[in-house]
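A structural walkthrough
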Amino acid sequence: VTEYCIRIYKRIIEFCGYIGCPRLVIHGVDYKFDNTVDPPEQIDRLNRHLFESLIPELLKYNVMACMENLYVRKYKTDNNDLFIEGPASDPTATALLIDELNEKAGREVFGMCLDTGHMHIVRKDARTYIPILGKRIKALHLNDNNCTCDAHLVPLAGNAEWDSICKALKSAGY
């Protein structure tokens, strides 16, 4: 499936180049909490392979791939869901991966799409989370929730701390 996705992403990158779209948000290979066959480390290797495979097309078509911070639903109850970090949710590891991929490409062709709803649903504090990613944040998926589901509410309709998010983004140079 990963190789199929790579072929599709390469065509999408080509299309982005054709229409002049400078950034493409990519949800990497995701892992499920109850998957005992593929540990997170294997999924991380698949994601690295996915992104590395896209470098020639990103360079050729002058497109930046922005990975999005994901979450994993740990379990669902009648009233609540419990979420844990998914791929690209650890800001330190993601910053390191972006830097390594850009070095391998020879120029900046990878960045971060910060999904504020995903950051909030795994209960990350914007004041510590965003500065680690800093200038690597190239796109935003602004949405809110109440930490019970990925509701995609408009900002201020949930309980995310938007003052902290905006201040952290400004400090990061976004």
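Whatever comes next refers back to the structure up there.
Here is a short report on the structure shown in this document. (Residues numbered from 1 in each chain as written. Predicted model: local features only at pLDDT ≥ 70, side-chain atom pairs only at ≥ 80, totals over all residues. Heavy atoms only, no water.)

Now for the packing of helix α1 (residues 2-19) against helix α2 (residues 40-61). Where α1 contacts α2, the two axes come as close as 9 Å, and the packing angle between them is 25°. Judged by the angle between their axes, α1 and α2 are roughly parallel. Note that α1 runs across α2; the crossing there is right-handed. Between α1 and α2, the contacting residues are Thr2, Glu3, Ile6, Tyr9, Lys10, Ile13, Glu14 and Gly17 on the first element and Leu46, His49, Leu50, Ser53, Leu54, Glu57, Leu58 and Tyr61 on the second. Partitioned by chemical class, the residues of the contact of α1 with α2 number 8 nonpolar, 4 polar and 4 charged. (Axes fitted to C-alpha atoms, helices over the stretch in contact; angles between N-to-C directions. Helix = DSSP H or I, 4+ residues; strand = E, 2+ residues; numbered from the N terminus. Parallel < 35°, antiparallel > 145°, perpendicular 65-115°, else oblique. Left-handed = near helix turned anticlockwise from the far one by under 90°. Contact = heavy atoms within 4.5 Å. Nonpolar A, V, L, I, M, F, W, Y, C, P; charged D, E, K, R; others polar.)

The subject of this paragraph is the nonpolar core. Core analysis: the largest hydrophobic core is formed by 35 residues, its most contacted members being Ile26, Leu54, Leu58, Met67, Phe110, Ile130 and Ile165. Looking at this core, the elements that each hand over two or more residues are α1, β1 (23-26), α2, β2 (64-68), α3 (91-105), β5 (110-115), α5 (126-133) and α6 (162-171). (Core = buried A, V, L, I, M, F, W, Y, C linked by side-chain atoms within 4.5 Å. Buried < 20%, exposed > 50% of the residue type's maximum accessible area, 1.4 Å probe, protein only.)

Once that is clear, we can look at the packing of aromatic side chains. Per the counting criterion, the structure on display carries 2 aromatic pairs. Here the aromatic rings of Phe51 and Phe110 are separated by 5.9 Å at their centres, their planes lie at 80°, and the arrangement is edge-to-face. Separated by 59 residues along the polypeptide, Phe51 in helix α2 and Phe110 in strand β5 bring together distant segments of the chain. As far as burial versus exposure is concerned, Phe51 and Phe110 are alike and both buried. (Phe/Tyr/Trp six-rings, centres within 6.5 Å; stacked < 30°, edge-to-face > 60°.)

Right, let's talk about the sheet that holds strand β6 (residues 137-141) for a bit. Read across the sheet, 4 strands follow the order β1-β2-β5-β6 without closing on themselves; strand pairing throughout is parallel. Of all the strands in the sheet, just β1 and β6 have a single pairing partner and so form its edges. Strand-to-strand twist in this sheet, taken as the mean axis angle between neighbours without regard to direction, amounts to 30°. Summarising the sheet, β2 and β5 pair through 4 bridges and their orientation is parallel. When the sheet's bridge partners are listed, Ala65 is paired in β5 with Phe110. (Pairing = 2+ DSSP bridges.)

Below, the discussion takes up α1. Spacing of three or four residues puts side chains on the same side of an α-helix, whose turn is 3.6 residues. With 18 residues, α1 should cover 26 Å at 1.5 Å per step; its first-to-last C-alpha distance of 25 Å lies within 8% of that length. For α1, the set of buried residues is Thr2, Ile6, Tyr9, Ile13 and Cys16. The buried residues of α1 occupy an angular sector of 80° when projected down its axis, which confines them to one face. Residues of α1 that are exposed and point over 90 degrees away from its buried face: Arg7, Arg11, Tyr18 and Ile19. Tucked into the core, α1 has its buried residues touching β1 and α2. (Expected span 1.5 Å × (residues − 1). Arc of directions from axis to C-beta.)

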